[in-house]
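Breakdown of the fold
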Amino acid sequence: MKLFRCTVCGYVYEGETAPEVCPKCKVGAEKFEELSEEDAEKIYRSDRTNAIHMEIITLAEKMIALCKEGIEDNLDPKCVSAFTQAKDEAWTIKQRSKTELAGHMKLGKY
Ligand SMILES: [Zn+2]
């Protein structure tokens, strides 16, 4: 299998030849270029890492939602403080993984 990238929208297609129509932006096969082995390797190698980052982002969002619930519950100031701190830490974790993903996109690792 080879990989072809749409030069208009960036969609990456897997197949023996470029698709007749881009599944995302609908341009024709002539707008696709075949990726080098090195660029294809980046895409395959980054699949699992990107999935891990996405799962971390989802977990951090769940933590943020739980912390908000705890803050609203407002049992006592120490709990509110712990939830507020955890919410900020979860935000940092989420944004760090999003930043990594954004870097991967720029480097063609998707
Ligand atoms: Zn396209």
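For the structure, check the block above.
The written sequence of each chain sets the order in which its residues are numbered from 1. With the structure being a predicted model, the display of local features is reserved for residues of pLDDT at least 70 and the display and counting of side-chain atom pairs for 80 or more, all residues being used for whole-chain, interface and lining totals. In computing side-chain values, all of the structure's heavy atoms are included and hydrogens and water are not.

**Quick notes on the coordination of the zinc ion**
Our working rule: Counted as coordinating are nitrogen, oxygen and sulfur atoms within 2.8 Å of the metal, or 3.2 Å for Na, K and Ca, while water is not included, which may make sites look incomplete. Angle rules define the geometry names used: all angles between 85 and 135 degrees makes four donors tetrahedral, while opposite donors over 155 degrees apart and all other angles between 65 and 115 make four donors square planar and six octahedral, leaving every other case irregular. Strands are runs of DSSP state E lasting at least two residues, helices are runs of H or I lasting at least four, and both sets are numbered from the N terminus onward.
At this site the zinc ion is bound by C6 (SG), C9 (SG), C22 (SG) and C25 (SG), with donor distances of 2.3 to 2.4 Å. Bound by 4 donor atoms, the zinc ion shows angles of 105 to 113° at the metal and therefore tetrahedral coordination geometry. Coordination of the zinc ion draws on donor residues from a single chain, spaced C-x2-C-x12-C-x2-C in sequence. Of this pair, C6 sits in strand β1 (residues 2-6) while C25 sits in the loop between β2 (12-15) and β3 (32-34), and the two are 19 residues apart along the sequence.

**Details of the sheet that holds β1**
Let me state the cut-off plainly: Note: two strands are recorded as paired if DSSP finds a minimum of 2 bridges between them. Helix axes are fitted to C-alpha atoms over the stretch in contact, other axes to C-alpha atoms as well, and angles between N-to-C directions run from 0 to 180 degrees. Contacts: residue pairs with any heavy atoms within 4.5 Å of one another.
Taken in spatial order, the 3 strands of this open sheet run β2-β1-β3, and their pairing is antiparallel. Whereas interior strands pair on both sides, the edge strands pair on one side only; in this sheet they are β2 and β3. The average angle at which neighbouring strand axes cross in this sheet is 30°, direction not considered. Inspection of the sheet shows β1 paired to β2 by 4 bridges, in the antiparallel sense. Residue pairing across strands places L3 opposite E14, the latter belonging to β2. In the packing of helix α1 (residues 37-73) onto the sheet, contacts are made with β1 and β2, and the angle to β1 comes to roughly 95°.

**Quick word on the side chain of R5**
Heads up, the rule is: Each residue is placed in one exposure class: buried if its accessible area under a 1.4 Å probe, protein chains only, is under 20% of its type's maximum, exposed if it is over 50%, and partly exposed if it falls in between. Neither His nor the chain ends contribute to the count of charged residues, in which Lys and Arg are positive and Asp and Glu negative. Any Lys or Arg side-chain nitrogen located within 4 Å of an Asp or Glu carboxyl oxygen qualifies as a salt bridge.
Looking at where R5 falls in the secondary structure, it is placed in strand β1. Here R5 occupies a buried position and makes no salt bridge, while the nearest side chain of opposite charge, D39, is found at 5.2 Å. Leaving out residues up to four positions away in the same chain, R5 has contacts with G10, Y11, V12, K31, F32, E33, L35, I43, G108 and Y110.

**Side note on the pattern of salt bridges**
For the structure shown, the criterion picks out 1 salt bridge. Salt-bridge contacts for D39 lead to K42; the nearest nitrogen and oxygen are separated by 3.7 Å. One end of the pair is D39 and the other is K42, both in helix α1 and 3 residues apart, which spans about a single turn. For D39, a relative accessible area of 27% translates into the label partly exposed. The class for K42 is partly exposed, based on a relative accessible area of 29%.

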